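In case you want the letters, here they are:
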Amino acid sequence: MWVWFFKLGSPKWFYELSGKWLPWLVAAMVIFMTIGLVWGLLFLPPDYQQGFTSRILIVHVAVAGTSLAFFPLMFVAGTITLVWRMKLADMVAKNAAILGAWFSFITLATGSLWGSVMWGTWWEWTDSRLVSMLFQLFLLLGVISLRSALEDSDAAAKACALLSIVGCINVVIIKYSVEWWNTLHQVSSPVTTDTSSPNGPEFWIATLIMIVAVYLFLTVSLILSTRNEILERERKAQWVKDLVLKAK
Amino acid sequence: MTGKQTTTSAAFLATLKRDLLIAFKKKNDIVNPFMFFIIVVSLFPIGISPESDRLTEIAAGVIWISVLLASMLSMDNLYRSDFEDGSLEQLLLSPHPLFFLVLAKNISHWLVSGLPVVLVSPLLAYMLALPEEAYGTLFLSLLLGTPIMSLVGSIAVALTVGLGSRGLILAVITLPMSVPVLIFGTLAVQSTLNSQSPLGYLSLMLVMLSVSVSLAPLASAAALRISVN
């Protein structure tokens, strides 16, 4: 039963397998992304309260939901790195940190865009989601900068694995304490995201399609960057040399 | 230790004593972060406003944030000199659980850097026009919060101990993690000012402290084993 798990430890095996999956994943991503973006951004009927601004939410909700997956992902990858010393887990974790930082940033950016219209402000400290997303971004940047500061790649792998595990626990504590802080500080609540009922199902179907699309995008980017990482780190291995020579 | 077997508690006490001794011999490492703390706090009234009403509002936050910044400075030296002179390796090689040795180092660090800050906090609270009834809460919140900072910060210090030029990476890693402590520390003071009981927040900080005492040294120990090869 564990064979497949230990096979994952072999970068070559992953490289070949992911090569087979990639076309299908990319195709699915393109389909979902096109449907979601074209329908969501161009054809979706305006929200009864928010007007056309609600279309930003299609992208925002999908990206925000996906960006919550990064710390758990890095937690798992970090545990695998520390327990089983699997090189592949670290390659995934390295790129997950960078992608996670981008996703968090895009979440904040699209959220600000929406907020600038709906709340009349680009930034609102009283909304706990904004604040905890900001600190998730900071924690991810901390992991990235630790990786770039450590030169020895083996030590960097373990150090970042440990920091990701600590960071994942921390991000949960931060989320709840910020929520607590807000419920006590919040004077007025500008947030009403409950747009589901009067709008009919289109809004949620479009959002759902976009969530699937963004998750596929995450998977594809992660696989692509991990494959890159494999080629770079295994450049002295024979199979990589063969591969490069064949490509020429 | 002439071939005699030492108990873990003896090793714990020996580490604690040794670290305190070193700290008192190198007074600069204690005094400078402490001075930094006091200077930062006294810059706020100059930068923001000397009016006592305004100061009352920000006093707890100012003191708490200055504590966090000062702890970054003092933390830097937690394992570095031991790493440089090789005694950290000896610590890792010792037969006793690293958990307790790391805990001893953290406690000694808190005694020389955290405790002075806690003790001086009522004076600074007075200077920042915090009403008298909140002194006790601020004091208690710092008493519970500063050891959490030492314990959690120790993980990041242990991870970066091998770096030649560490720069600000320690702060970049640790400061975001201190958000919960900052929130509950300042909320406790705020609620006293609103004449509510701060006990809820203080007991939450106590929970965080107990969790940190039992888990953070584990992570620090693992981090030290990663950094020292």
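Before reading on, note that the structure itself is shown above.
Before going into details, it helps to say that this report is about the structure given with it. Everything numeric here is computed off the predicted structure, so don't read it as measured data.

**Observations concerning the overall build of chain B**
Inference 1: Of the regular secondary structure elements, chain B holds 10 helices and zero strands.
Inference 2: Going from N to C terminus, chain B has its helices and strands arranged as α-α-α-α-α-α-α-α-α-α.
Inference 3: Its C-alpha radius of gyration of 18 Å places chain B within 12% of the 17 Å reference for a compact globule of 229 residues.
Inference 4: Across its three principal directions, the C-alpha atoms of chain B cover 65 × 35 × 30 Å.
Inference 5: Relative to its full complement of 229 residues, chain B shows a buried share of 46%.
Inference 6: Partitioning the intrachain contacts of chain B with sequence separation of at least 6 by distance along the chain shows that 80% fall at a separation of at least 24.

**Some points on the packing of helix α3 (residues 52-75) of chain B against helix α8 (residues 169-177) of chain B**
If you want to describe how two helices pack, look at the angle between their axes and the distance between the axes.
Residue and element names in this part refer to chain B.
Inference 1: Relative to each other, α3 and α8 sit at 135°, their axes nearing to 10 Å. Taken together, the axes of α3 and α8 are oblique relative to one another. For α3 against α8, the interelement crossing comes out right-handed. Contact with α3, carried on its side by Leu68, Met72 and Met75, involves Leu170, Ala171, Thr174 and Leu175 of α8 and no other residues of that element.
Inference 2: Partitioned by chemical class, the residues of the contact of α3 with α8 number six nonpolar, one polar and no charged.

**With respect to the interface of chain A and chain B**
Inference 1: With 22 residues of chain A at the interface, the matching set in chain B holds 20 residues.
Inference 2: Among the secondary structure elements, those contributing two or more residues to the side of chain A that touches chain B are α6 (128-149) and α7 (153-185) of chain A.
Inference 3: When grouped by side-chain class, the residues that make up the side of chain A that touches chain B number 17 nonpolar, four polar and one charged.

So, how was this worked out
- Residues numbered from 1 in each chain as written.
- Chains lettered and ligands numbered in written order.
- Predicted model: local features only at pLDDT ≥ 70, side-chain atom pairs only at ≥ 80, totals over all residues.
- Helix = DSSP H or I, 4+ residues; strand = E, 2+ residues; numbered from the N terminus.
- Rg over C-alpha atoms; globule rule 2.2 N^0.38 Å.
- Buried ≥ 20, exposed ≤ 12 C-beta atoms within 10 Å, placed from the backbone.
- Contact = placed C-beta atoms within 7 Å.
- Axes fitted to C-alpha atoms, helices over the stretch in contact; angles between N-to-C directions.
- Parallel < 35°, antiparallel > 145°, perpendicular 65-115°, else oblique.
- Left-handed = near helix turned anticlockwise from the far one by under 90°.
- Nonpolar A, V, L, I, M, F, W, Y, C, P; charged D, E, K, R; others polar.

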